[in-house]
Amino acid sequence: MARSHTKLNSLFVGSIMFAPYFALLIAFGIVPIVVAARTSLEASVLNPDGGPLNYLQVLQDFRFLPALLNVGIFLILYVPAMLIVVAGMSLLLDTVQGKWNISLRLAYLVPASLTGATSVLVWYFLLEPTLSPYQDILKALGLTQGGDIWRAPNLAYIFVVMAFFTGAGNWIVVQYGSLQSIPDDILEAARIDGASGPQIALKIKLPLIKKYLVYMGILVFAAGLQVFVEPQLISASVYPGLASNWSLNQLSYSFAFQGNNLGAAAALSLMLLLVCIVSAVVLIFRTDFFEGSGVKRK
Amino acid sequence: MLVLKVGFGEWLERSRSRRNPVTPVLGGHPRVPQAEAYQKLMAGKVDIKIEVIAQADAQTKITLVNRAKKGWPDIIFGTAADTAQFLDPSNGFAADLTTTVSKDIFTGFGEGNSDCLFDGKYYCLKNDLANTVLWYNTKIFKELKLTVPTTMEEFAATAMKLKGTGYSAGAIGDQNYYASFLQSSECPLAQITAPNTVRIAPEDPKCTRVSKLVQPLLDAGVVDKRSSFDAGFIADVAKKNKVAMTLGPSWFGDFVIKPADSWGVPAGEIAAANMPAWGPAPDDRSGAYGGGVFTVSSHSAFPQAAADAAVWMTTSDVMAKLETTPTFPAYGPANKLWEARISVDPYYASNPYPAMAAGANKISQVDRPVRFPFVAQIGTVLQAGINGGGTLEAAQTDFAKSLQNLAPSSGYTVETK
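Residues numbered from 1 in each chain as written. Chains lettered and ligands numbered in written order. Predicted model: local features only at pLDDT ≥ 70, side-chain atom pairs only at ≥ 80, totals over all residues. Heavy atoms only, no water.

- By the naming in an unreviewed UniProt entry, chain A is Sugar ABC transporter permease, taken from Nakamurella antarctica.
- Here chain A is described in UniProt, under the heading Sequence similarities (unreviewed entry), as follows: "Belongs to the binding-protein-dependent transport system permease family." (UniProt positions renumbered as here; feature names shortened; annotations may be inferred.)

Have a look at this one:
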């Protein structure tokens, strides 16, 4: 009887705590998806009767494959770069304790304050050979004109650099936090057993923060798949049209606001959502993401 | 991008204030002084709310308010291509102005309002024209003993004379290549041949003659593959006052060549000449690089007031003043007043107005405003091809192919021959 009362109590408290999230999830997660699903079946100039043909038309659009390729290259470069560099820098940061640690963490966060338009402008300034403070280096590399840099084949690399410097600092600090959760006695035992610093980092610390890296990988992948700001701003301001419809999200935007085809835009958005969900589920279930969290049925 | 909202009187304004919130004016848009002048003029009679949004956001904004079914601006400033999208039944924002604007006004525009004519009806009013002319440096021409070209062949020959002199015949790596060369040549890349049918034919002789004429100039290095706005071109060539001549729109003088933070060419050197002709009339058209329009909302609660505001914005005497209208007014009488200002501008070596006026009446009408993002494709494909160092023929063909692919998604049937 007492046990069932405690269970009920726990359910009630849990529900109260979950309710705000649930309300927000419904309002800003589920409802938009339902609206998008309905919109994705709407009629358009291309598909006067509406229906699932919108999905097929998105896949057949001549801009779809190039945008998919662009985003694919971006992800192949961006996700591993983030994971490797962030993990490495966090492990290094973890070795620096004392008064320098706080200053270093702050230094990692500073580049993350340059986002969106600011980031694009800063990188335009840095990479434009005629304006850059590093123009001598650029010229030594044979890059003497803006057109040598701002070309379609280079865009993926430029966008990766922009996105990397915007996001890496934040994640380094987050992963540093996850390293702090490793119990000291485990590290102490490793040291007593004769493990070197690099061995402790690679064989003890890294496996113990794996789930946090998986979490980061999921979010970085989702953000990369939806890359939009960097190409859109380059196209809208710096080099008009250079990267229009470069990414899948930009293509969705074009369907909606240039092609007056909200059905196709919603269909593409839902396809991106599906890829994100499937990728996340695969990553979660192929790793021990939910294991060893310390929360066990009592 | 300028968005105007109009309403009658304070009492009416109060009654509809929920539907028509006061919106802020953000500085910096060339049309804002024009709108503010009208706002001042109509104070107490018609309430004008001014809002500035990015030009690229016009279609986005209208699509969203169409979706919300409320919040439409009464008038919006943008491009004729926006209007082509807005008048499509799937959008429906653009109002037919045939009944709300008097015939005298349309007559006063002459050919100036032809971009707004769709299937025999006017759906917008043209603010300014941006027809292409030949800008040349009188000092350099004198130094090199050059004569001002009157045909495109002469332009090419004159440009070739610049080889080895360190002087340039301009930069083509942006929309200027389309406007000054392809459009003036009447290359059919967005030719409406029937309702919802567009002809995109890059193999037409009027397209191929362009690449044949300009490619040798590019190869010889006398025209630049970069843009006139490219920081490198400005630093290496324009700022050193090495541009002997360039084709460009009527606004190039005041906005590109003159400003100290742009090319910064000294006063007394620059003149405008008639756009060189590809052939004898009628093969002597100009192109257009820009030129805005005011589109009136079909959803306006005050359709006449909205139309009147658009008429005033495009036809009033305020159009003659530099601080309110810096570019070439499309409306004839306003243009005459503007002429009085520009023709005595001491910056120019000679009066640039006659050349601007001559080209204004000859803007090619082969390509028309279309519903698909034609100009964006110039940047994505044509400009990228030129900047990247490929041949003009390849860049033109790729550009045309991208348009052929894009047009059907906006409901057009494409003709390629």
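Continuing now.
Considering the overall build of chain A
Thinking step 1. On a plain count of helices and strands, chain A comes out with 14 helices and zero strands.
Thinking step 2. Of the regular secondary structure in chain A, the N- to C-terminal order runs α-α-α-α-α-α-α-α-α-α-α-α-α-α.
Thinking step 3. Taking the principal axes of the C-alpha coordinates as reference, chain A spans close to 65 × 65 × 30 Å.
Thinking step 4. Put simply, chain A has 298 residues, and 40% of those count as buried. (Helix = DSSP H or I, 4+ residues; strand = E, 2+ residues; numbered from the N terminus. Buried < 20%, exposed > 50% of the residue type's maximum accessible area, 1.4 Å probe, protein only.)

Thoughts on a nonpolar patch on the surface
Residues and elements named next belong to chain A.
Thinking step 1. A contiguous nonpolar patch, built from Phe18, Tyr21, Phe22, Ile26, Ile30, Val31, Val34 and Val35 and spanning about 690 Å² of accessible area, is present on the exposed surface.
Thinking step 2. Assignment of secondary structure puts Ile26 in helix H1 (residues 2-39).
Thinking step 3. By relative accessible area, which is 33% here, Ile26 ends up partly exposed. (Patch = residues over 30% accessible without salt bridge, like charges linked within 9 Å, V, L, I, M, F, W, Y side chains within 5 Å. Areas by Shrake-Rupley, 256 points an atom, 1.4 Å probe, with all protein chains shown as cover. Salt bridge = Lys/Arg side-chain N within 4 Å of Asp/Glu carboxyl O.)

Quick word on the sheet that holds strand S7 (residues 132-137) of chain B
Residues and elements named next belong to chain B.
Thinking step 1. Ordered in space as S10-S7-S11, the three strands form an open sheet in which the pairing is antiparallel. On the outer flanks of this sheet lie strand S10 (245-249) and strand S11 (270-273), each paired with one strand and no other. Neighbouring strand axes in the sheet, compared pairwise and without regard to direction, differ in orientation by 35° on average.
Thinking step 2. Pairing analysis gives five bridges linking S7 to S10, with the strands arranged antiparallel. Residue Thr132 lies in a different strand from S10, and its bridge partner there is Pro249.
Thinking step 3. Running over the sheet, helix H7 (residues 152-160) touches S7 and S10 and is turned about 135° from S10.
Thinking step 4. Here helix H8 (residues 175-183) sits on the sheet and contacts S7 and S10; the angle it forms with S10, its principal contact strand, is near 95°. (Pairing = 2+ DSSP bridges. Axes fitted to C-alpha atoms, helices over the stretch in contact; angles between N-to-C directions. Contact = heavy atoms within 4.5 Å.)

What about the interface of chain A and chain B?
Thinking step 1. Each partner contributes to the interface: chain A provides 28 residues, whereas chain B provides 32 residues.
Thinking step 2. Carbon and sulfur atoms supply 51% of the area that chain A and chain B bury against each other, a total of about 2300 Å² over both sides.
Thinking step 3. Three residues, Phe62, Phe257 and Asn260 of chain A, lead the burial of chain A against chain B; their summed loss comes to 26% of the area buried on that side.
Thinking step 4. Between Glu42 of chain A and Arg67 of chain B there is a salt bridge, with its nearest N and O atoms 3.0 Å apart.
Thinking step 5. Of the residues contributing to the side of chain A that touches chain B, the split by class is 12 nonpolar, 11 polar and five charged. (Buried area = accessible area lost by both parts, 1.4 Å probe. Nonpolar A, V, L, I, M, F, W, Y, C, P; charged D, E, K, R; others polar.)

Regarding the sheet that holds strand S13 (residues 413-415) of chain B
Residues and elements named next belong to chain B.
Thinking step 1. An order of S8-S9-S13 is seen for the three strands of this open sheet, with the pairing classed as mixed. The open sheet has two edge strands, strand S8 (191-194) and S13, and neither has a second partner. Neighbour to neighbour, the strand axes of the sheet diverge by 35° on average, direction disregarded.
Thinking step 2. Note: S8 against strand S9 (residues 197-199), three bridges, orientation antiparallel. What sits directly across from Ile192, in S9, is Val198.

Overview of the packing of helix H13 (residues 248-257) of chain A against helix H14 (residues 262-285) of chain A
All names here are of chain A.
Thinking step 1. At their nearest, the axes of H13 and H14 sit 7 Å apart, and the two run at 160° to each other. Classified by the interaxial angle, the pair formed by H13 and H14 is roughly antiparallel. When you trace H13 past H14, the crossing you get is left-handed. Residue-level contacts link Leu248, Asn249, Leu251, Ser252, Phe255 and Ala256 of H13 to Leu262, Ala264, Ala265, Leu268, Ser269 and Leu272 of H14. (Parallel < 35°, antiparallel > 145°, perpendicular 65-115°, else oblique. Left-handed = near helix turned anticlockwise from the far one by under 90°.)

Topic: the UniProt feature "transmembrane region" (unreviewed entry) in chain A
Thinking step 1. In the UniProt entry, the feature "transmembrane region" (unreviewed entry) is given for residues 12-37, 67-93, 105-126, 155-174, 212-229 and 262-285 of chain A.
Thinking step 2. As annotated, residues 67-93 of chain A has a helix share of 100% and a strand share of 0%, and its two end C-alpha atoms lie 37 Å apart.

Digging into the packing of aromatic side chains
All names here are of chain B.
Thinking step 1. Across all of its chains, the model carries 34 aromatic pairs over all chains by this definition.
Thinking step 2. Between Phe252 and Trp263, the aromatic rings sit 6.4 Å apart at their centres with planes inclined by 70°, giving edge-to-face as the arrangement. Residue Phe252 is found in helix H11 (residues 252-257), and its partner Trp263 is found in the loop between H11 and S11; the two are separated by 11 residues along the sequence. For the pair formed by Phe252 and Trp263, the shared burial category is buried. (Phe/Tyr/Trp six-rings, centres within 6.5 Å; stacked < 30°, edge-to-face > 60°.)

With respect to the UniProt feature "domain: ABC transmembrane type-1" (unreviewed entry) in chain A
Thinking step 1. Residues given the UniProt feature "domain: ABC transmembrane type-1" (unreviewed entry) here are residues 68-283 of chain A.
Thinking step 2. Helix makes up 77% of residues 68-283 of chain A and strand makes up 0%, while its end C-alpha atoms are separated by 21 Å.

Let's talk about the environment of Ile270 of chain B
Residues and elements named next belong to chain B.
Thinking step 1. Locating Ile270 in the fold gives a position in strand S11.
Thinking step 2. Here Ile270 falls in the buried class, since its relative accessible area comes to 5%.
Thinking step 3. Among residues more than four places away in sequence, those in contact with Ile270 are Trp135, Tyr136, Asn137, Ile257, Val265, Tyr347, Tyr348, Ala349 and Ser350.

Topic: the pattern of salt bridges
Thinking step 1. Across all of its chains, the model carries 19 salt bridges over all chains by this definition.
Thinking step 2. As a salt-bridge pair, Asp94 of chain A and Lys205 of chain A come within 2.7 Å of each other at their nearest N and O atoms. With a gap of 111 residues between them, Asp94 of chain A in helix H3 (residues 64-95) and Lys205 of chain A in helix H10 (residues 197-208) connect regions that are remote in the sequence. Each member of the pair, Asp94 of chain A as well as Lys205 of chain A, carries the same accessibility label: buried.
Thinking step 3. Here Asp345 of chain B and Lys258 of chain B are joined by a salt bridge, their closest N and O atoms 3.8 Å apart. Here the residue Asp345 of chain B occupies a position in the loop between helix H13 (332-342) and helix H14 (353-360), and Lys258 of chain B occupies one in the loop between H11 and S11, the gap between them amounting to 87 residues.
Thinking step 4. On the basis of relative accessible area, Asp345 of chain B is assigned to the buried category, the value being 14%.
Thinking step 5. What makes Lys258 of chain B partly exposed here is its relative accessible area of 32%.
Thinking step 6. Within this structure, Asp254, Lys258, Arg341 and Asp345 of chain B form a network of salt bridges that share partners.

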